[in-house]
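Topology and contacts: notes
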Amino acid sequence: MTKQNYRGLYHFSPKEKWMNDPNGMVYFKGEYHLFFQHHPKGLTWGTMHWGHAVTKDLVTWEELEIALAPDEFGTIFSGSAVVDWHNTTGFFEEEPGLVAIFTHHLEVPGSPLVETQSLAYSKDRGRTWTKHEGNPVLKHDSYLDFRDPKVFWHYETERWIMILACGQTVCLYHSPDLKSWTFGSEFGAGIGFHGGVWECPDLFPLNVDGDASRQKWILLVSIGDDPAYAEGSRTQYFTGNFDGLTFTPDQESNTVRWLDHGRDNYAGVSWSDIPREDGRRLFIGWMSNWKYANLTPAEGFRGAMTLPRELKLQTGKDGGITLVQKPVQELESARVPVLALANVTGAEAVQALGSLQLDSYELNVVIPSGSSLAFKVRTAGLEETVVGVNGVRGELYVDRTKSGLHDFHEQFRGVHTAKLQSPGESIDLHIYVDRSSVEVFANGGQAVITDLIYPDAESKGISLAADDDGLVLASLTVYALSPSAK
Ligand code: FRU
């Protein structure tokens, strides 16, 4: 057996070979499904299939058989899945089942590339899939990039809506039955960031500060890598309104808002059909970046997902509305308490952390606003990943310049920062460290940095540096995270 130091202990990664985007996330009959872009024969991107995994608790995952394989219409690119509760498709005479809506990507030497949208359905909880006979269900004459359909039921107009990437914009279509689609509108020209191809959109409502009378629509869109930008591929979001036909953004055309300020959260979208009594908007992203995704250290598999996260809309102190995210609460069930301190000085915290040796854990801290401190995680010798707050600049940062292997790509090393928006009296940091990643959530998830790291398996130290000797940490807790603790 190969030794897999880089397989996250509490992050989903495929058993073998290559994985990129999460696809077809849908909740049905007690299971959260996660399909994924998968090259079952290669450790790099290649002939795309939909791999498949399920989880009942958002913590432990079971990988199942490949769900969708290429056919005469092409390979299977990204897309979504829904429950057809009312048999709008006619696929489900007996009981509701799942429909996947995905892109067929066809490359024939000597011909232009063709991307079309197709359907497959499952009557056995996603275990086996039948491709729809009328595939493809949506084509376009002029867009070469026409892909990644995300479909949802729009209650007000009682029809299905599809949002998909069409070149440098997103297009919105609607349908009564998932089979025949009518163009509604296009969004994106002249607004937001365009330094890369638009991919993997999502559109969903969220209540502002949990208040149902103040609902807004969120449009997520991932932007592909462009050599002109060091950041590589990343995801931007817009807030606005959606009337069943057109998305109208709140923000000015030149405002760009990023979902994550690290380098490794791409192509993420949200789960469909989360029960209304739960009401959460759950998200997962691919924890990599097209700038170097094919080059990262790999041992039998390549690719991992971010933690599943809950998305919310929050009004900040300045009145602006921000998309905030935090890991799903279910992860608490994997906690094994290691350290819990309250009102400790920096020196006491340094001492308490000094004896720990951990590779997969959660570290939470609350400090006064304006203070600066830096945790060093996954350390040994000269190796360290620094997660810190710069009180003077009002910034959260992750420094992975000395985090371990990096020479697979010259732009991997770096320091990534996120502005802390007008914090209150204190700042809280939730740091999730795993065998090849750090995910940091500050101020209740207002500032987020997700970064891959490739430390030595033995780099398990934790330390703390504070600028101010008098700094008092209101609380400091560490939990080992072990899904088997459940
Ligand atoms: C995003 C993406 C999608 C496409 C898929 C192919 O990472 O480029 O646009 O459907 O990956 O694997």
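Residues numbered from 1 in each chain as written. Predicted model: local features only at pLDDT ≥ 70, side-chain atom pairs only at ≥ 80, totals over all residues.

- Looking at an unreviewed UniProt entry, one finds the chain named Levanase, with Fontibacillus phaseoli as its source organism.
- According to UniProt, the comment filed for the chain under the heading Sequence similarities (unreviewed entry) is "Belongs to the glycosyl hydrolase 32 family." (UniProt positions renumbered as here; feature names shortened; annotations may be inferred.)

**Re the overall build of the chain**
- Helix and strand counts for the chain come out as one helix and 32 strands.
- For the chain, whose C-alpha radius of gyration is 22 Å, the value lies close to the compact-globule estimate of 23 Å for 486 residues.
- Projected onto its principal axes, the C-alpha positions of the chain cover 70 × 55 × 45 Å.
- Taking all 486 residues of the chain together, 45% fall into the buried category.
- Contacts spanning at least 24 positions in sequence make up 62% of the contacts within the chain whose residues lie at least 6 apart. (Helix = DSSP H or I, 4+ residues; strand = E, 2+ residues; numbered from the N terminus. Rg over C-alpha atoms; globule rule 2.2 N^0.38 Å. Buried ≥ 20, exposed ≤ 12 C-beta atoms within 10 Å, placed from the backbone. Contact = placed C-beta atoms within 7 Å.)

**Focus on the sheet that holds strand S7 (residues 114-122)**
- If you walk across this open sheet you meet the four strands as S5-S6-S7-S8, and the pairing is antiparallel. Here the strands that pair on one side only, and so sit at the sheet edges, are strand S5 (75-83) and strand S8 (130-131). (Pairing = 2+ DSSP bridges.)

**Digging into the domain arrangement of the chain**
- Considered domain by domain, the chain is made up of domain 1 (17-327) and domain 2 (330-485).
- Taken residue by residue, the interface counts 29 residues in domain 1 and 31 residues in domain 2.
- Residues that form the side of domain 1 that touches domain 2 fall into these classes: 11 nonpolar, 10 polar and eight charged. (Domains from an automatic or database assignment. Nonpolar A, V, L, I, M, F, W, Y, C, P; charged D, E, K, R; others polar.)

**Section: the site of the ligand**
- Around the ligand, the structure places Asn 20, Asp 21, Gln 37, Met 48, Phe 77, Ser 78, Thr 103, Arg 147, Asp 148, Glu 199, Cys 200 and Ala 267.
- Elements with a minimum of two residues in the shell around the ligand: strand S1 (17-28), S5, strand S9 (146-154) and strand S13 (198-208).
- Residues belonging to the shell around the ligand are distributed by class as follows: four nonpolar, four polar and four charged. (Near = placed C-beta within 6 Å.)

**Observations regarding the pairing of strand S3 (residues 49-55)**
- Counting buried positions along S3 yields five of seven residues, so the element is predominantly enclosed.
- Where S3 meets strand S4 (residues 62-68), four bridges bridge the pair, whose relative direction is antiparallel. Paired with Ala 53 across the bridge in S4 is Glu 63.
- In this antiparallel pair of consecutive strands, S3 and S4, the connection spans six residues, and Leu 58 shows a positive phi of 65 degrees.

**Observations concerning the UniProt feature "domain: Glycosyl hydrolase family 32 C-terminal" (unreviewed entry) in the chain**
- According to UniProt, the "domain: Glycosyl hydrolase family 32 C-terminal" (unreviewed entry) feature falls on residues 330-479.
- In residues 330-479, the share of helix is 6% and the share of strand is 53%. The end C-alpha atoms are 14 Å apart.

**Notes on the UniProt feature "domain: Glycosyl hydrolase family 32 N-terminal" (unreviewed entry) in the chain**
- When the UniProt feature table is mapped onto this chain, "domain: Glycosyl hydrolase family 32 N-terminal" (unreviewed entry) is found at residues 11-327.
- In residues 11-327, the share of helix is 0% and the share of strand is 50%. The end C-alpha atoms are 11 Å apart.

**Points about the pairing of strand S10 (residues 159-166)**
- Buried residues dominate S10, accounting for seven of its eight residues.
- Sheet topology places S9 next to S10; seven bridges connect them, and they run antiparallel. If you follow Phe 146 over to S10, its bridge partner there is Cys 166.
- Here seven bridges tie S10 to strand S11 (residues 169-175), and the two strands are oriented antiparallel to one another. Along S11, the bridge assignment pairs Cys 166 with Thr 169.
- Where S10 folds back onto S11 in an antiparallel hairpin, the turn is made up of two residues, including Gly 167, whose phi is positive at roughly 70 degrees.

**Quick word on the nonpolar core**
- Counting residues in each nonpolar core, the largest one holds 119 residues, and the members touching the most others are Val 99, Ala 100, Met 162, Val 170, Ile 431, Val 438 and Val 440.
- A per-element tally of this core places S10 first, with seven residues.
- Apart from residues lying up to four places away in sequence, Val 99 is in contact with Ala 81, Val 82, Asp 84, Thr 89, Phe 91, Leu 119, Tyr 121 and Leu 178. (Core = buried A, V, L, I, M, F, W, Y, C linked by C-beta atoms within 7 Å.)

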